Amino acid sequence: MKKIEVIIKPFKLDDVKDTINELGVKGMTVTEVKGYGRQRGHKELYRGVEYETNFISKIKIETVVDDSMVDAVIEGIKKSAYTGTVGDGKIFVIPVESATRIRTGESGNDAL
């Protein structure tokens, strides 16, 4: 099993969610986060005053999938999150040692 963590632009959430669901992923966690990468923040205008913000609003999606689904899920996310501009996001793949469904006690892939 692998945990896939994705950081994307907020307006791409529905596209990525739909793609992940079409691929058969059974669940995901979505969190509103703030951060920056190479772009190091940006300038905004508020009540006529320009100020610089270091942290940009993003969406973090987390899901755990069977090893056999990883490549398809990554490709689907890349296509649906792509805008071609700076800040499109990142995809991280992390090994998952085990998973257990609390309600039923199922473990491994059955818990997904």
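Residues take numbers from 1 onward in each chain, read along the sequence in its written order. Two thresholds apply to this predicted model, a pLDDT of at least 70 for residue-level local features and 80 or more for giving and counting side-chain atom pairs, whereas whole-chain, interface and lining totals are computed over all residues. Side-chain calculation: all heavy atoms of the structure are included, whereas hydrogens and water are not.

In this section: helix α1 (residues 13-22). Along an α-helix, a turn takes 3.6 residues, which lines up residues three or four apart on a common side. Val-16, Thr-19 and Ile-20 are the residues of α1 that are buried. Each buried residue of α1 sits inside an arc of 100° when the element is viewed along its axis, so together they form one side. Elements that come into contact with the buried residues of α1 comprise β1 (2-8), β5 (56-65) and α2 (70-81). Secondary structure counts use DSSP, requiring at least four H or I residues in a row for a helix and at least two E residues in a row for a strand, with both numbered from the N terminus. Of the residues one or two after α1, Gly-24 is the one with positive phi, at around 95°. A 1.4 Å probe rolled over the protein chains alone gives each residue an accessible area, and that area as a share of the maximum for its type sets the label: buried under 20%, exposed over 50%, partly exposed in between. Taken from the helix axis, the directions to the C-beta atoms give the arc we talk about. Contacts are assigned to residue pairs with any non-hydrogen atoms lying within 4.5 Å of each other.

A few words on the pattern of salt bridges. We define a salt bridge as a side-chain nitrogen of Lys or Arg found within 4 Å of a carboxyl oxygen belonging to Asp or Glu. Under the definition given, this model contains nine salt bridges. Among the ionic pairs, Glu-5 bridges to Lys-3, the shortest N-O distance being 3.2 Å. A single salt-bridge network, built from bridges that share partners, covers Lys-3, Glu-5, Lys-60 and Glu-62.

What follows deals with the sheet that holds β1. One bridge is not enough; two strands pair if DSSP finds at least two bridges between them. Spatial strand order, β2-β5-β1-β6: four strands in an open sheet with antiparallel pairing. The open sheet terminates on both sides in strands that have one partner only, identified here as β2 (29-35) and β6 (89-95). Averaged over all pairs of adjacent strands, the angle between their axes in this sheet comes to 20°, without regard to strand direction. Bridge count between β2 and β5: seven bridges; the pairing is antiparallel. Pairing of Val-30 across the sheet is with Ile-61, part of β5. The strands that α1 touches are β1, β2 and β5; relative to β5, the one it contacts most, it runs at about 5°. To obtain each axis, a line is fitted to C-alpha atoms, and for helices this fit is confined to the stretch in contact; angles are then taken between N-to-C directions over 0 to 180 degrees.

Moving on: the side chain of Ser-80. Within the fold, Ser-80 resides in helix α2. Here the side chain of Ser-80 touches Gly-76 through a polar contact of 2.9 Å, landing on its backbone oxygen. Residue contacts for Ser-80: discarding those within four places in its chain leaves Lys-12, Asp-15, Val-16 and Thr-19. Polar contact criterion, stated in full: a pair of N or O atoms within 3.5 Å, where within protein one must be able to donate a hydrogen and the other to accept it, and residues adjacent in sequence count only if both atoms are side-chain atoms.

Attention now moves to the packing of α1 against α2. Between α1 and α2, whose axes approach to 9 Å, the crossing angle comes to 155°. Between α1 and α2, the interaxial angle falls into the category roughly antiparallel. Crossing angle aside, the handedness with which α1 passes α2 is right-handed. Contacts from Asp-15, Val-16, Thr-19 and Ile-20 of α1 reach α2 at Gly-76, Ile-77, Ser-80 and Ala-81. Three classes are used: nonpolar for Ala, Val, Leu, Ile, Met, Phe, Trp, Tyr, Cys and Pro, charged for Asp, Glu, Lys and Arg, and polar for all others, with Gly counted as polar. Here the contact of α1 with α2 is built from residues that sort into four nonpolar, three polar and one charged. With respect to orientation, any angle under 35 degrees is reported as roughly parallel, any angle over 145 as roughly antiparallel, any angle of 65 to 115 as roughly perpendicular, and every other angle as oblique. We call a crossing left-handed when the near helix sits turned anticlockwise from the far one by less than a right angle, and right-handed when that turn is clockwise.

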